[in-house]
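Secondary and tertiary structure notes
The lines below spell out each chain.
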Amino acid sequence: MRETAHKTDQTNPKEICLKQFCFHAVREHFPSLSMEAVLDLPVPLIKELLPHLTVCQLDEIQPELNQRATFRDADVLGLARALKQLSESCRSSLTDLNIGVLPYTKLTEILLDASPKVTSLHVEIQSVALGPHFLPHHPRIAESDMSAELPLEKLTVKVAELQTDLQFITSVLRRSPQLNSVHIAGMRLPTGSSLSHLLTTLSESNHNLRSLNLEDMKLSDCLPEILNLLMHCKLEELQCNDCRLLERWSDKQESLQQLVAAVKSVPSLHTLSLAQNRLAKNVSVLAELFSGSSPSSVKRLDISSNFIQPAELLEFAEKLRTHRPLHRLTLDLRKNPGDRDPDTWNAALNTLRPFCVLQVGGWKSTDTMVDHISNM
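Reading the values: rules and limits
- Residues numbered from 1 in each chain as written.
- Predicted model: local features only at pLDDT ≥ 70, side-chain atom pairs only at ≥ 80, totals over all residues.
- Heavy atoms only, no water.
- Helix = DSSP H or I, 4+ residues; strand = E, 2+ residues; numbered from the N terminus.
- Buried < 20%, exposed > 50% of the residue type's maximum accessible area, 1.4 Å probe, protein only.
- Contact = heavy atoms within 4.5 Å.
- Areas by Shrake-Rupley, 256 points an atom, 1.4 Å probe, with all protein chains shown as cover.
- Disulfide = S-S within 2.5 Å.
- pLDDT = per-residue confidence, 0-100.
- Pairing = 2+ DSSP bridges.
- Axes fitted to C-alpha atoms, helices over the stretch in contact; angles between N-to-C directions.
- Salt bridge = Lys/Arg side-chain N within 4 Å of Asp/Glu carboxyl O.
- Arc of directions from axis to C-beta.
- Phe/Tyr/Trp six-rings, centres within 6.5 Å; stacked < 30°, edge-to-face > 60°.
- Polar contact = N/O pair within 3.5 Å; in protein donor to acceptor, adjacent residues only side chain to side chain.
- Core = buried A, V, L, I, M, F, W, Y, C linked by side-chain atoms within 4.5 Å.

Focus: the overall build of the protein
Counting its secondary structure elements, the protein contains 12 helices and 10 strands. Out of the 376 residues in the protein, the part that is buried amounts to 47%. When contacts within the protein are restricted to residue pairs at least 6 apart in sequence, long-range pairs at least 24 apart make up 82% of them. On the protein, roughly 19,100 Å² of surface is accessible, and the fraction owed to carbon and sulfur atoms is 51%.

So, the environment of Cys 233
Here Cys 233 is to be found in the loop between α8 (223–231) and β6 (237–241). Given a relative accessible area of 15%, Cys 233 falls into the buried group. The sequence separation of Cys 233 and Leu 269 amounts to 36 residues, and the corresponding C-alpha distance is 9.7 Å.

With respect to the state of the cysteines
Working definition: the covalent bond between the sulfur atoms of two cysteines is a disulfide. All chains considered together, the criterion is met by zero disulfides. Counting only cysteine sulfurs, Cys 240 is the nearest neighbor of Cys 243, a cysteine outside any disulfide, at a range of 5.0 Å. You can call Cys 243 buried: its relative accessible area is 0%.

Topic: the environment of Ser 171
Secondary-structure assignment places Ser 171 in helix α6 (residues 166–174). Its relative accessible area of 13% is what places Ser 171 among the buried residues. In sequence terms Ser 171 and Leu 198 are 27 residues apart; their C-alpha atoms lie 9.9 Å from each other.

Observations regarding the confidence of the model for the protein
Overall, the prediction assigns the protein a mean pLDDT of 84, with 83% of residues at 70 or greater. Throughout residues 1–9 the model reports pLDDT below 50, and contacts reaching past four residues in sequence, or to other chains, amount to 14 contacts. Note that pLDDT drops below 50 for residues 129–144; the model gives that stretch 28 contacts with residues more than four away or on any other chain.

A word on the sheet that holds strand β9 (residues 329–332)
The strand order across the open sheet built from 10 strands is β1-β2-β3-β4-β5-β6-β7-β8-β9-β10, with neighbouring strands paired in parallel fashion. Looking at which strands have only one partner, the edges of the open sheet turn out to be β1 (96–102) and β10 (356–359). Sheet twist, expressed as the average angle between the axes of neighbouring strands with direction ignored, equals 5 degrees. Each of β3 (154–160) and β4 (181–185) touches α6; the most contacted strand, β3, lies at about 180 degrees to it.

Examining the pattern of salt bridges
Opposite charge on two side chains permits pairing when their charged atoms draw close. Following the criterion strictly, the structure yields nine salt bridges and no others. Close ionic contact of Arg 188 with Asp 216 constitutes a salt bridge, the shortest N to O distance being 2.9 Å. Here the residue Arg 188 occupies a position in the loop between β4 and α7 (196–205), and Asp 216 occupies one in the loop between β5 (211–215) and α8, the gap between them amounting to 28 residues. Across the pair Arg 244 and Asp 216 runs a salt bridge whose closest N-O atoms are separated by 3.4 Å. Taken together, the residues Arg 244 in the loop between β6 and α9 (252–264) and Asp 216 in the loop between β5 and α8 connect sequence positions 28 residues apart.

What to know about α8
Of all the residues in α8, the buried ones are Leu 223, Ile 226, Leu 227, Leu 229 and Leu 230. Buried residues of α8 fall within an arc of 160 degrees about the axis and therefore sit on the same side. Facing away from the buried side of α8 by more than 90 degrees, the exposed set consists of Pro 224 and Met 231. Where α8 is buried, its residues touch α7, β5, β6 and α9.

Some words on the packing of aromatic side chains
Within this structure, the stated rule accounts for one aromatic pair. Measuring from ring centre to ring centre gives 6.0 Å for Phe 307 and Trp 363, while their planes differ by 50 degrees; the resulting arrangement is tilted. Residue Phe 307 is located in the loop between β8 (300–302) and α10 (310–322), and its partner Trp 363 is located in the loop between β10 and α12 (368–375); the two are separated by 56 residues in the primary sequence.

Looking at unusual backbone geometry
A positive phi angle, near 55 degrees, is found at Ser 305, a position not held by glycine. Residue position: Ser 305 is located in the loop between β8 and α10. Even without a glycine there, the phi angle at Lys 335 is positive, about 60 degrees. By the element assignment, Lys 335 lies in the loop between β9 and α11 (342–352). Taking the relative accessible area as the measure of exposure, Lys 335 reaches 48% and is therefore partly exposed.

What to know about the environment of Leu 83
Among the structural elements, Leu 83 can be located in helix α4 (residues 55–87). For Leu 83, a relative accessible area of 1% translates into the label buried. Between the alpha carbons of Leu 83 and Ala 114 there is a distance of 5.7 Å; along the sequence they are 31 residues apart.

Regarding the side chain of Ser 211
Residue position: Ser 211 is located in strand β5. Polar side-chain contacts of Ser 211 include one of 3.5 Å to the side chain of Glu 237. When near neighbours in sequence (up to four residues on either side) are disregarded, Ser 211 contacts Asn 180, Ser 181, Val 182, Leu 235 and Glu 237.

Considering the nonpolar core
Of all hydrophobic cores here, the largest spans 88 residues; its most connected members are Ile 169, Leu 219, Leu 230, Phe 316 and Leu 352. Setting aside chain neighbours within four positions, we find Leu 219 in contact with Leu 195, Leu 199, Leu 214, Ile 226, Cys 243 and Leu 245. If you look at the next biggest cluster of nonpolar residues, it comprises 12 residues, including Phe 30, Ile 46, Leu 50 and Leu 53.

Put into structure tokens, the structure is as follows:
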């Protein structure tokens, strides 16, 4: 039983212009439009439209948005009842549940309790509203047994909402001791809150974890919890992409060295991704992964999109030549500004090639917008 949300990676500029024109037309002619015509738009379009409306128009549309969210709740509860009936059938073989979009996180646990045989769950959370004044009304939902152990082995949760219910995800993690693969993306907490509790829960409750993918999350204040997780796990794959790891580290090199030491203590770890973390001049520290009497077993290292300059890559390459990996290393260097000094960049690549499989390309410094964002 699957519901798939299709997304496109590229948008035609002409389509953007046409879309903006349509949004402006909706604003100008809002009084003469049918409310149903607006609400029948796909959810992503409604989200894009809201900032173009006036305050009065938003006040008018808010109750309808709330009611629409309630209908969706009813739809999900209907699905939960159907899943419950299916799970009670001796002919049921449902183990993989893929839910394209839910309006908020609480509904996910209700679906899990309705389908106690599911071992793989992929869910995307996307609230309709864009701000605190337009959050959908959450109706009271009858509680099910939310303490029973779940047989989940694989969990993917992608969130697109202003503030994530962290209690939901930690509850699911605690109830799923058999998890071996976890992918969580886009979690946003209220100001002053930390995702450290998420990492602590993983350390304490998910000892079978082999693959952990954390994406588009703020983990810069979670270094102690990351180190503790690595000390008490048997991970084979660790991805911390776009997690702003170095953002609040006072001594970036020292903290990165601590992370490297922790990674080296996990002999099962063969894949490490630190893409989009602004490593830049600190990248040379990663060469220490393969130094000493107990070098890392990492065979794939992703340091793409880290604004690594040619001179910084050359320093990394020279250190890595001194501490060669145990196995031929697949090294992802894509979307770093190699074309700023092609000679130095190529010298670094030539130094790496004897013991690395290189993945390069994807950057043009002539793209001033990309250049500006990278320096922000």
